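Residue-level listing of the chains:
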Amino acid sequence: MSRPIEDYGFIGNMLSCALVARDGSIDWLCLPRFDSDACFAALLGTREHGRWKIAPAGKILHVSRRYRPSTTILETSFETPEGAVTIIDFMPLAEDEDHVDLVRIVRGDRGRVEIDMDLVLRFDYGRTTPWVRRTDHGLRAVAGPDAVELSTPVGLQGKDMRTVATFSIGAGAEVPFTLSWHPSYLPASRRWDPAAQLHETERWWQEWSGTCTFALEKQHPWHEAVTRSLITLKALTFQPTGGIVAAATTSLPETIGGERNWDYRYCWIRDATLTLLALVSSGYRSEARDWREWLLRAAAGDPEQLQIMYGLAGERRLTETELPWLPGYEGSKPVRVGNAAYDQLQIDVYGELMDALHVGRKFMLEPSEASWRFQKLLLADLEGKWNEPDEGIWEVRGGRRHFTHSRLMAWVAYDRGIKAVEDFGLSGPVDRWRTLRDTIRDDILSNGWSAKQNSFVQYYGGEALDASLLLIPSVGFLPPEDTRVIATVEAVQRELVEDGLVLRYRPDDTPDGLRGAEGTFLVCSFWLVDALTMIGRLEEAEALFERLLSLRNDVGLLAEEYDPRGKRQLGNFPQAFSHVGLVNAAHNLIATQGPAEERADRTDRPASVPQDTNCLRQPFVAKSHQREQAS
Ligand SMILES: OC[C@H]1O[C@H](O[C@H]2O[C@H](CO)[C@@H](O)[C@H](O)[C@H]2O)[C@H](O)[C@@H](O)[C@@H]1O
């Protein structure tokens with residue numbers, strides 16, 4: 001049943017999303033929220049676990065897909081011997097959280113084509129078959145709290161616990177289908193106007209895309225990739241709360257057939273802050289405001305109880321369970337929902353939080369008393385924690401360690417706190433923070449560096465390498481020209497690169513509590529682009545960036561990982577981290593391009609990124625390292 005992950009297109013309305021396969025089958029849909037139970041779970045099982053296919057009944061000669069420009073509206077065109085049709089799939093922006101629609105419009109383009117529709121509705125991730133009854137305009141399916149109505153002018157038939165239809169469509173005709181979710185105890189939405197919804201959805205996304213300030217001309221070869229990434233990041237945002245999910249799916253495997261299968265439909269502080277920074281650096285300020293409010297609500301209370309991740313509305317208990325009735329993607333078991341990492345200690349989130357709030361201030365978000373109070377409490381809490389072992393950025397399940405990256409981000413936390421006082425006149429125990437910043441710096445330089453490896457290493461006392469240490473210059477801990485930075489980049493290239501792409505670490509060197517290997521981690525490969533850019537190896541940086549762009553699927557989407565041997569994407573999809581990496585790397589490379597005068601101007605006054613904001617996306621290339629000098 002499983003298809004390559006690349007086969008999927010992604011549509012969404014900032015409440016939830018769906019994955020549409022090239023053959024016209026929607027195999028993943030959770031309603032009404034990203035993290036709700038799926039009513040189409042064929043992605044992790046078979047057709048019987050729920051899917052909705054609309055496609056030509058006969059032979060298909062060719063399939064092509066595209067998004068309508070600057071939107072999440074996906075068009076899949078089928079060429080058949082009898083003619084051509086296009087299926088237009090989208091999720092309209094919802095008026096309230098209790099009524100969520102998915103619309104499919106079949107458009108005849110040429111000739112006359114016979115179309116089959118096959119709807120298999122299964123609530124609770126493929127486990128529950130609903131009661132289905134006919135309505136004036138289609139059908140209504142109910143099971144427990146969930147109700148779904150299908151509205152269409154096409155005649156429907158029940159067959160083997162499915163709903164099927166066959167119809168033919170000629171050139172110029174359109175046949176709509178709307179699937180609308182609502183709680184079973186509330187009335188259904190009375191709105192059924194697919195053409196108007198299509199128009200509104202298109203206009204909304206185009207307006208949103210039009211406010212991007214990333215200075216990349218439409219003709220620029222990277223324009224389309226960056227725009228698609230930004231739209232994908234926005235579509236992974238849960239509009240009602242401002243929370244941002246790490247990816248649209250659960251349990252797409254990091255190794256085919258393996259156990260590294262996780263639920264990413266939650267808001268990680270790390271992933272969400274990095275997403276936010278990519279959006280903000282492209283000019284999207286209101287997202288920053290929404291995210292800050294989300295964060296302050298989610299983390300409200302005792303700073304000791306700060307979690308590394310929350311639910312979409314700030315929920316705290318994300319208990320991990322397995323769904324044994326689902327066979328998993330290509331047999332990769334278990335399928336998990338919830339994520340045990342919510343209970344882990346990951347010190348880096350203090351640094352990511354402090355940096356993101358610092359960026360917010362730089363972008364002149366209106367000052368927030370509550371935010372600064374919260375930040376000071378966090379820094380006070382971190383005093384007793386920064387030198388504890390933790391699970392680290394990679395959320396290892398093999399026991400806590402003194403991870404160098406965690407210390408690095410603790411340094412970032414105090415550094416940004418100090419800058420808030422120095423640059424913005426906020427009040428805080430800045431001398432104490434300066435002392436802590438210095439102490440952490442000395443600690444990292446003495447314990448995180450290995451003379452034997454000639455590199456910073458993953459954890460104190462070990463010799464393993466780790467791609468997260470590529471971030472050392474990006475966050476401003478050491479300048480790019482520092483020999484230890486350059487040596488670390490070279491060590492990562494030597495030890496962690498497979499077929500030109502970067503592994504997070506080698507599981508053989510780093511017992512992470514899990515069996516099996518994993519693919520190369522795309523965001524780490526983008527970090528290598530950034531590091532190479534910063535140390536002035538621009539041709540290499542650009543070549544790697546181009547290679548990474550070539551790994552996107554036909555509609556510009558990236559999963560978490562890539563398997564260079566199997567030549568396929570792996571892991572949850574689409575994943576925010578990967579698209580964040582793409583946007584930031586593009587920003588950084590662009591800052592090195594163009595006539596010298598323009599470059600200098602951009603480096604001194606980047607269009608959208610504040611000059612002294614260092615974390616992960618600053619066009620930070622020292623002038624002496626720019627393209628001309630490098631070549
Ligand atoms: O590798 C084991 C861990 O894998 C997942 O974590 C990864 O995804 C997170 C969300 O994108 C990201 O924040 C983290 O850095 C990655 O390592 C999984 O969510 C964990 O439960 C698991 O232990």
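Here is what the cut-offs are and how they apply
Residues numbered from 1 in each chain as written. Predicted model: local features only at pLDDT ≥ 70, side-chain atom pairs only at ≥ 80, totals over all residues. Helix = DSSP H or I, 4+ residues; strand = E, 2+ residues; numbered from the N terminus. Buried ≥ 20, exposed ≤ 12 C-beta atoms within 10 Å, placed from the backbone. Contact = placed C-beta atoms within 7 Å. Expected span 1.5 Å × (residues − 1). Domains from an automatic or database assignment. Nonpolar A, V, L, I, M, F, W, Y, C, P; charged D, E, K, R; others polar. Pairing = 2+ DSSP bridges. UniProt positions renumbered as here; feature names shortened; annotations may be inferred. Core = buried A, V, L, I, M, F, W, Y, C linked by C-beta atoms within 7 Å. pLDDT = per-residue confidence, 0-100.

- As recorded in an unreviewed UniProt entry, the chain goes by Glucoamylase and comes from Paracoccus acridae.

### Some details on the overall build of the chain
Line of reasoning, step 1. Looking only at helices and strands, the chain has 15 helices and 28 strands in total.
Line of reasoning, step 2. Seen through its C-alpha atoms, the chain measures out along the principal axes to roughly 75 × 50 × 50 Å.
Line of reasoning, step 3. Expressed as a percentage of the 631 residues in the chain, the buried residues total 55%.
Line of reasoning, step 4. A separation of at least 24 residues holds for 67% of the contacts in the chain among residues at least 6 apart in sequence.

### Looking at helix 6 (residues 348–362)
Line of reasoning, step 1. The terminal C-alpha atoms of helix 6, which comprises 15 residues, lie 21 Å apart, in line with the 21 Å expected from a rise of 1.5 Å per residue.
Line of reasoning, step 2. With 14 of 15 residues buried, helix 6 lies mostly within the body of the structure.

### Here's the deal with the domain arrangement of the chain
Line of reasoning, step 1. The domain boundaries assigned to the chain delineate domain 1 (5–208) and domain 2 (211–630).
Line of reasoning, step 2. Distance from the C-alpha centre of domain 1 to the C-alpha centre of domain 2: 34 Å.
Line of reasoning, step 3. Between domain 1 and domain 2, the contact holds 31 residues from the first and 35 residues from the second.
Line of reasoning, step 4. With four residues, strand 1 (residues 8–12) is the single largest residue contributor to the side of domain 1 that touches domain 2.
Line of reasoning, step 5. A per-class count over the side of domain 1 that touches domain 2 returns 17 nonpolar, seven polar and seven charged.

### Notes on the pairing of strand 8 (residues 83–90)
Line of reasoning, step 1. As paired elements, strand 7 (residues 74–80) and strand 8 share seven bridges and run antiparallel to each other. Considered in strand 8, the bridge of Ser 77 is made with Thr 86.
Line of reasoning, step 2. The hairpin turn running from strand 7 into strand 8, its antiparallel successor, is two residues long.

### Focus on the pairing of strand 15 (residues 174–183)
Line of reasoning, step 1. Counting buried positions over the ten residues of strand 15 gives eight, a clear majority of the element.
Line of reasoning, step 2. Taken together, the eight bridges between strand 9 (residues 100–120) and strand 15 define a ladder with antiparallel strand orientation. For Val 100, the partnering residue across the bridge sits in strand 15 and is Trp 181.
Line of reasoning, step 3. Across six bridges, the pairing between strand 12 (residues 146–151) and strand 15 is antiparallel. Bridged to Leu 150 within strand 15 is Leu 179.

### Considering the UniProt feature "domain: Trehalase-like N-terminal" (unreviewed entry) in the chain
Line of reasoning, step 1. The positions UniProt marks with the feature "domain: Trehalase-like N-terminal" (unreviewed entry) are residues 3–153.
Line of reasoning, step 2. For residues 3–153, helix accounts for 3% and strand for 56%, while the C-alpha atoms at its two ends are 31 Å apart.

### Digging into the sheet that holds strand 28 (residues 568–570)
Line of reasoning, step 1. Taken together, three strands build an open sheet; the order of strands is 26-27-28 and the sheet is antiparallel. The open sheet has two edge strands, strand 26 (520–521) and strand 28, and neither has a second partner.

### Considerations on the nonpolar core
General note: in soluble globular proteins, nonpolar side chains tend to be found buried as a group.
Line of reasoning, step 1. Among the nonpolar cores identified, the biggest contains 188 residues, and Ala 18, Leu 29, Val 245, Met 309, Ala 467 and Leu 528 are the most heavily contacted of them.
Line of reasoning, step 2. Of the residues that make up this core, three or more belong to each of domain 1 (5–208) and domain 2 (211–630).

### Focus on the environment of Leu 306
Line of reasoning, step 1. As for its position among the elements, Leu 306 is in the loop between helix 5 (285–298) and strand 19 (309–310).
Line of reasoning, step 2. Through-space distance from the C-alpha of Leu 306 to that of Val 583 is 29 Å; in sequence the pair is 277 residues apart.
Line of reasoning, step 3. Excluding its chain neighbours within four sequence positions, the residues that come into contact with Leu 306 are Ala 299 and Leu 378.

### Some details on the confidence of the model for the chain
Line of reasoning, step 1. This prediction gives the chain a mean pLDDT of 91; 93% of its residues lie at or above 70.
Line of reasoning, step 2. For the stretch residues 597–631, pLDDT sits under 50, and the model shows 76 contacts to residues farther than four places along the chain or on other chains.
Line of reasoning, step 3. Per the prediction output, this complex has pTM 0.93; the corresponding ipTM is 0.95.

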